[in-house]
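Notes for the structure review
For reference, the chains in residue letters:
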Amino acid sequence: MGNEQCGKIEEAIQNLSFAGAPVSWERYGSGHINDTFRLICKDGEKDRQYILQRINHHVFKDPVSLMANIAGVTAFLREKIEASGGDSERETLNIIKAKDGKDYYQDSDGNTWRGYYFIEGALTYDQARSPEDLYQSGKAFGEFKRLLAEYPADRLTETIPNFHNTPVRMNNFKQAVAEDVKNRAQLVKEEIAFALEREAECGTLIQMLQEGRLPLCVTHNDTKLNNIMLDDQTGEAVCVIDLDTIMPGLSLFDYGDAIRFGANTAKEDETDLSKVSLSLPLFNMYTRGYIEGCRESITPEEREMLPMGAKLMTLECGIRFLADYLQGDIYFHTARENHNLDRARTQFALVADMETKWEEMKFIVQKYK
Ligand code: ADP
Ligand code: GN1
Ligand code: MG
C-alpha cells in the first residue's frame, strides 16, 4: 500500500519529535481498532523507521489517560529492564514525545496521535510458525505479569470499563439481539443460541474475584500473538506491545485471550470452520511458557482456572464479534461483508472444540508447577 491520507497524518508528523525529514508512510499491522502506520524519515545518511498511530477515540474515550497509563508502565518496565542489563530500546515501547513535550499530539479534528521508536529486527505474527512461538509469547506475557506485580495499580485509569467482564459483555450482546437494528438476528439464530446456552458460565471468574479467590493484577488484556514482537534471528520474544488496554484485571484474561488467538489452528476470521480447532501442542507450549514466566506470581487457583480463562475469553470475543455484526459493524474494523460474523463463528467453533478437549486442557495446566 502506498502513502495514504488518514485524517491529519501530516499535521501529526510535523508535531511529533521524529528525527530527520519524513519521507514516506504506509499502513502497517493488522489491528482491528487503531490506525497504525510505519513512517520512514531521512536523518542525514540514515533512514529511521517509526510507528505512528491514531488512537480510535470512539473506542478509547479518554486517550490522554490512556497515554498516561502507557507512559507510567513503560517507564517502570524500562527501569526493570535496565537494572537487569537488558536493552530498553527494544524490550519495551518508547514513546516519541510531541514537540510540546506531551506524550501524544491532538490534531485540530480532535484525533490523538502517538509515535513509538520502531523495534528493529523483530516482527509480529498473526499465526504461530511453530509451538516455539507460543512458548516465547507465553513466557513474555508471564514475565510481564511478574514484573508488573509491583506496579501501583491505582495509578492506572480503566481505559475501557468492564473490558473483560464477561457477564456485562453477555448483557450487551443480549441487548444487541433484542434491538436487532440491522434485522440480522434471524440470519444467525444458531450462533445466538450457542452463546445463550453458555450464559450461566460467563460469571465464573468474576465471581471468584469477588470472593477473593483470584487476585486482581495489572493485566495487558489484549494478548494476541501479534502483540508480541519476536526476534528475526533468535525467535525469542523481544517486546510486549499494544499497551492500550493495560488495566487492573485477572491473569486469566491475559492467558485466555492468548490461547484464543494463538492456539487456534486457523485464523481468527477463517471461513472454513473445519480448519478451526484448539491445538493441544500450542496450548501446551503457551501454558509452559506462561507458568515459567510467572514463576511465583501465579497462585494455585489461578493455575487451576487457566482452561476456564481460555474458554471464557474465546466465548466473550465471539459474543463481541456477533454483537458488532448485529449492530452493523460499528466497533471492529472490517474488510469484507460478514467479517464480524465469520470471526464470531470461528470463536464459537473454538469454544466447542475446547469443550471436547476439556480434560486434556486440565491435565496440561496441572503438569507445570
Ligand atoms: P493495534 O492496536 O492496531 O493492534 P499495535 O500497537 O498492535 O496496534 O500495532 C500494530 C502492528 O504494528 C503490530 O502488530 C506490530 O507488527 C507493529 N508495531 C507496533 N508497535 C511497533 C514498534 N514499536 N516497533 C515495530 N513494530 C511495531
Ligand atoms: C481488538 O486492536 P486489536 O486488534 O489488538 C480488541 C480486542 C479483541 C481483538 C480481537 C480495544 O484488538 O479486545 O480481542 O480486537 N481491542 C479492543 O482480535 O477492543
Ligand atoms: Mg495489536
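So, here's what we can say about the structure. Here the structure is a predicted model, which means the values were calculated and not measured.

A look at the coordination of the magnesium ion (ligand 3)
Around the magnesium ion (ligand 3), the donor atoms from the protein are Asn227 (OD1) and Asp242 (OD), and they sit 2.2 Å away. Residue Asn227 is found in the loop between strand E8 (217-219) and strand E9 (228-231), and its partner Asp242 is found in the loop between strand E10 (237-240) and strand E11 (247-249); the two are separated by 15 residues along the sequence. According to the relative accessible area criterion, Asp242 is partly exposed, its value standing at 25%.

Here's the deal with a negative patch on the surface
Together, Glu79, Glu82, Asp87, Glu89 and Glu91 make up a negatively charged patch on the protein surface. Broken down by secondary-structure element, the contributors of at least two residues to the negative patch are helix H2 (63-83) and helix H3 (88-91). Mapped onto the elements of the fold, Glu79 is located in helix H2.

Some thoughts on the side chain of His164
Tracing the chain through its elements places His164 in the loop between helix H4 (131-147) and helix H5 (166-179). By relative accessible area, which is 5% here, His164 ends up buried. Here Glu316 takes part through its side chain, which lies 2.6 Å from a polar atom of the side chain of His164. Beyond its immediate sequence surroundings of up to four residues, His164 is in contact with Ile206, Asn221, Phe253, Met313 and Glu316.

Points about the layout of surface pockets
Considering only enclosed or pocket space, the largest pocket measures out at about 1,100 Å³ in volume. What lines the largest pocket is a set of 50 residues, and nearest its centre among them are Ser30, Gly31, Thr36, Asn227 and Asp242. Only strand E2 (35-43), strand E3 (46-55), strand E6 (112-117), helix H8 (251-262) and helix H11 (306-326) provide two or more residues apiece to the lining of the largest pocket. With five residues, H11 is the largest single contributor of residues to the lining of the largest pocket.

What about the sheet that holds strand E7 (residues 122-123)?
As summarised here, the arrangement of the three strands in space is E7-E9-E10, forming an open sheet in which the pairing is antiparallel. Every interior strand has two partners, whereas the edge strands, E7 and E10, have only one.

Details of the nonpolar core
In terms of nonpolar packing, the biggest core is built from 100 residues, with Phe173, Tyr255, Ile259, Leu278 and Leu322 touching the most fellow members. In this structure, this core is formed jointly by two domains, domain 1 (9-120) and domain 2 (131-367), each of which donates at least three residues. Apart from residues no more than four positions distant in its own chain, Phe173 is found in contact with Ile192, Ala195, Leu196, Ile319, Leu322, Ala323 and Leu326. Phe37, Leu39, Ile96 and Ala98 belong to the second largest nonpolar core, which has 15 residues in total.

A look at the pattern of salt bridges
Under the definition given, this model contains 29 salt bridges. The shortest N-O distance in the salt bridge between Glu355 and Arg198 comes to 2.8 Å. A residue pair is termed long-range when its members are at least 10 positions apart, and Glu355 in helix H12 (residues 339-356) and Arg198 in the loop between helix H6 (189-197) and helix H7 (204-210) qualify at 157 residues. Among the residues examined, Glu355 registers a relative accessible area of 29% and is labelled partly exposed. Under the relative-accessibility criterion, Arg198 is labelled buried at 11%. Beyond isolated ion pairs, a larger network of salt bridges with shared partners links Glu197, Arg198, Glu201, Lys311 and Glu355.

Notes on the site of ligand 1
Taken together, 18 residues form the shell around ligand 1, and within it Gln53, Tyr117, Ile119, Thr124 and Asp242 come nearest. Between a nitrogen atom of ligand 1 and a main-chain N or O atom of Ile119, the distance comes to 2.8 Å. Asn226 places a polar main-chain atom, nitrogen or oxygen, 3.0 Å from an oxygen atom of ligand 1. Relative to its unbound accessible area of 550 Å², ligand 1 is 94% covered by the protein chains. Taking a 2 Å distance to the grid points as the criterion, the majority of the atoms of ligand 1 fall inside the largest pocket.

Considerations on the site of ligand 2
Neighbouring residues of ligand 2: 18 residues in total, closest Asp222, Lys224, Glu268, Arg320 and Tyr331. Contact between ligand 2 and Asp222: an oxygen atom at 2.7 Å from a side-chain N or O atom of the residue. Lys224 has a polar side-chain atom sitting 2.7 Å from an oxygen atom of ligand 2. Here ligand 2 has 450 Å² of accessible area as a free molecule, and 97% of this is covered by the chains.

What counts and how
Residues numbered from 1 in each chain as written. Chains lettered and ligands numbered in written order. Predicted model: local features only at pLDDT ≥ 70, side-chain atom pairs only at ≥ 80, totals over all residues. Heavy atoms only, no water. Donors = N, O, S within 2.8 Å, 3.2 Å for Na, K, Ca; no water. Helix = DSSP H or I, 4+ residues; strand = E, 2+ residues; numbered from the N terminus. Buried < 20%, exposed > 50% of the residue type's maximum accessible area, 1.4 Å probe, protein only. Patch = residues over 30% accessible without salt bridge, like charges linked within 9 Å, V, L, I, M, F, W, Y side chains within 5 Å. Areas by Shrake-Rupley, 256 points an atom, 1.4 Å probe, with all protein chains shown as cover. Salt bridge = Lys/Arg side-chain N within 4 Å of Asp/Glu carboxyl O. Lys, Arg positive; Asp, Glu negative; His and termini not counted. Charge placed at Lys NZ, Arg CZ, Asp CG, Glu CD. Polar contact = N/O pair within 3.5 Å; in protein donor to acceptor, adjacent residues only side chain to side chain. Contact = heavy atoms within 4.5 Å. 1 Å grid on protein atoms, 1.4 Å probe; cavity = no way out; pocket = protein on both sides within 12 Å on 5 of 7 lines; lining within 4 Å. Points joined across faces, edges and corners; volume = space filled by probe spheres on them. Pairing = 2+ DSSP bridges. Core = buried A, V, L, I, M, F, W, Y, C linked by side-chain atoms within 4.5 Å. Domains from an automatic or database assignment. Near = heavy atom within 4 Å. Sits in = over half its atoms within 2 Å of the grid points.

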